[in-house]
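Residue strings, one per chain:
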Amino acid sequence: MTEQDVQNWLEVYGRAWVGSDPDLAVTLFAETATYRETPFDEPMRGRHEIRAYWQKYAVETHEDIEFESQVWAVRNDTAIAGWQARYTLQATGARVSLDGTFRLVFSNETGALQCTVLEEWWHRKES
């Protein structure tokens, strides 16, 4: 796995978020993947839970979404990346900025790079 492989994965992840497309998002994950939004949350398990999370947040609460990312390190099957996002909350019109970090573990068993573990840490600023 190369930095470019991870950057390509992150670009699709960003397109899924910007496009409010949970169906595209789940194609990036293995069937048994875990997704932990914050260190203190229980992880979501499997594509069904990941898709439900994306539907609830990316589609039903966010609009005018922007996303960018940078690959910081790749070692074996694990990558560390930074990301930034901005969106408007549909309910209040407030603009939210996020700055975060991903720890991503990948598998290539299906012939495509799929995430098996996503852990994120982020900070939020609302204006």
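Residues numbered from 1 in each chain as written. Predicted model: local features only at pLDDT ≥ 70, side-chain atom pairs only at ≥ 80, totals over all residues. Heavy atoms only, no water.

*Asks:* Before we go on, may I ask you to explain the sheet that holds strand 3 (residues 62–75) in this structure?
*Replies:* Strand pairs in the sheet, formed through backbone hydrogen bonds, run parallel or antiparallel to each other. On the basis of which strands lie adjacent, the open sheet formed by 6 strands has the order 2-1-6-5-4-3 and mixed pairing. Both edges of this open sheet fall to strand 2 (44–45) and strand 3, since each of them pairs with a single strand only. Of the pairings in the sheet, the one linking strand 1 (residues 29–36) to strand 6 (residues 114–126) comprises 4 bridges and is parallel in character. Paired with Tyr35 across the bridge in strand 6 is Leu118. Where helix 1 (residues 3–18) meets the sheet, it contacts strand 1, strand 3, strand 4 (78–89), strand 5 (95–107) and strand 6, and its direction lies at approximately 165 degrees from that of strand 3. Most of the contacts of helix 3 (residues 46–59) go to strand 1, to which it runs at about 55 degrees, and overall it touches strand 1, strand 2, strand 3 and strand 6. (Pairing = 2+ DSSP bridges. Helix = DSSP H or I, 4+ residues; strand = E, 2+ residues; numbered from the N terminus. Contact = heavy atoms within 4.5 Å. Axes fitted to C-alpha atoms, helices over the stretch in contact; angles between N-to-C directions.)

*Asks:* Can you help me understand the packing of aromatic side chains in this one?
*Replies:* Ring pairs (aromatic) are described by centroid distance and by the angle formed between their planes. Per the stated rule, a full pass over the model turns up 14 aromatic pairs. Centroid distance Tyr13 to Phe67: 5.6 Å. Interplanar angle 50 degrees. Geometry classified as tilted. With Tyr13 in helix 1 and Phe67 in strand 3, this residue pair connects regions lying 54 residues apart in the sequence. For the pair Tyr13 and Phe67, one class covers both residues: buried. (Phe/Tyr/Trp six-rings, centres within 6.5 Å; stacked < 30°, edge-to-face > 60°. Buried < 20%, exposed > 50% of the residue type's maximum accessible area, 1.4 Å probe, protein only.)

*Asks:* What is the right way to look at the layout of surface pockets in this model?
*Replies:* Once rolled over the atoms, a probe with the size of a water molecule shows which space is left empty. Looking at the largest pocket, its volume works out to about 270 Å³. Elements with a contribution of two residues or more to the lining of the largest pocket: helix 1, helix 3, strand 4 and strand 6. Considering each element in turn, the lining of the largest pocket owes the most residues, 4 residues, to helix 3. (1 Å grid on protein atoms, 1.4 Å probe; cavity = no way out; pocket = protein on both sides within 12 Å on 5 of 7 lines; lining within 4 Å. Points joined across faces, edges and corners; volume = space filled by probe spheres on them.)

*Asks:* In this structure, what is going on with the nonpolar core? I would like to understand it.
*Replies:* One recurring pattern in soluble globular proteins: nonpolar side chains tend to sit buried together. Counting 35 residues, the largest nonpolar core has Trp9, Tyr13, Trp17, Phe29 and Trp54 as its most contacted members. Elements with a contribution of two residues or more to this core: helix 1, helix 2 (22–26), strand 1, helix 3, strand 3, strand 4, strand 5 and strand 6. Of all the elements, helix 1 adds the most residues to this core, at 7 residues. Ignoring anything within four residues of it in the chain, the contact list for Phe29 reads Trp9, Tyr13, Tyr35, Arg47, Ile50, Gln114, Cys115 and Leu118. (Core = buried A, V, L, I, M, F, W, Y, C linked by side-chain atoms within 4.5 Å.)

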